[in-house]
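# Architecture at a glance
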Amino acid sequence: MIDRRAELGLWVGRLEIILIERGVLNQDGEVASDAGSRFPKDVEEALDGFIEKPVELAGLLKICRDAREGRPLSPAVLMAAHLMTKEILLALQEARGARR
């Protein structure tokens, strides 16, 4: 059986690293003020159809961090965050690989 909470905790760590590298998050893991209401162009293209604005990403990251820290989440929220985070992480990893 998949431990979605544990998997989500691992994925959010990877996601945070990529987002810090791209300047979307600052070193404290918060949406960078210079990211404003838009993503960098390559991130925007990678996330097209998933998330449109940094504020939406902040909400997903909060849920993921709550899961990682063992805070209570409904099964539906946990499942949705698991699926969304997986797709976003894959999209950003593909975009990251294409840049290199």
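For the structure itself, consult the block above.
Computed from a predicted structure; not experimentally measured.

### So, the overall build of the protein
- Summing up its helical and strand segments, the protein has 4 helices and 0 strands in all.
- Mapped from its N terminus to its C terminus, the protein presents α and β elements in the order α-α-α-α.
- Considering only C-alpha atoms, the protein reaches an extent of 35 × 25 × 20 Å along its principal axes.
- Each of the 100 residues in the protein was classed as buried or not, and the buried ones make up 35%.
- Considering only contacts in the protein between residues 6 or more positions apart, those separated by 24 or more positions represent 61%.
- Approximately 6100 Å² of the protein is accessible, and the part contributed by carbon and sulfur atoms is 54%.
- Here the protein holds 15 positive side-chain charges and 17 negative ones, and the gap between their average locations is 2 Å.

### Notes on the environment of Leu47
- For Leu47, the location among the structural elements is in the loop between α2 (41-46) and α3 (54-68).
- Each C-alpha atom, one on Leu47 and one on Ala95, is 9.5 Å from the other, the two residues being 48 residues apart in sequence.
- Discounting residues that sit within four places of it in the chain, Leu47 has contacts with Phe39, Ile88 and Leu92.

The rules behind each value
- Residues numbered from 1 in each chain as written.
- Predicted model: local features only at pLDDT ≥ 70, side-chain atom pairs only at ≥ 80, totals over all residues.
- Heavy atoms only, no water.
- Helix = DSSP H or I, 4+ residues; strand = E, 2+ residues; numbered from the N terminus.
- Buried < 20%, exposed > 50% of the residue type's maximum accessible area, 1.4 Å probe, protein only.
- Contact = heavy atoms within 4.5 Å.
- Areas by Shrake-Rupley, 256 points an atom, 1.4 Å probe, with all protein chains shown as cover.
- Lys, Arg positive; Asp, Glu negative; His and termini not counted.
- Charge placed at Lys NZ, Arg CZ, Asp CG, Glu CD.

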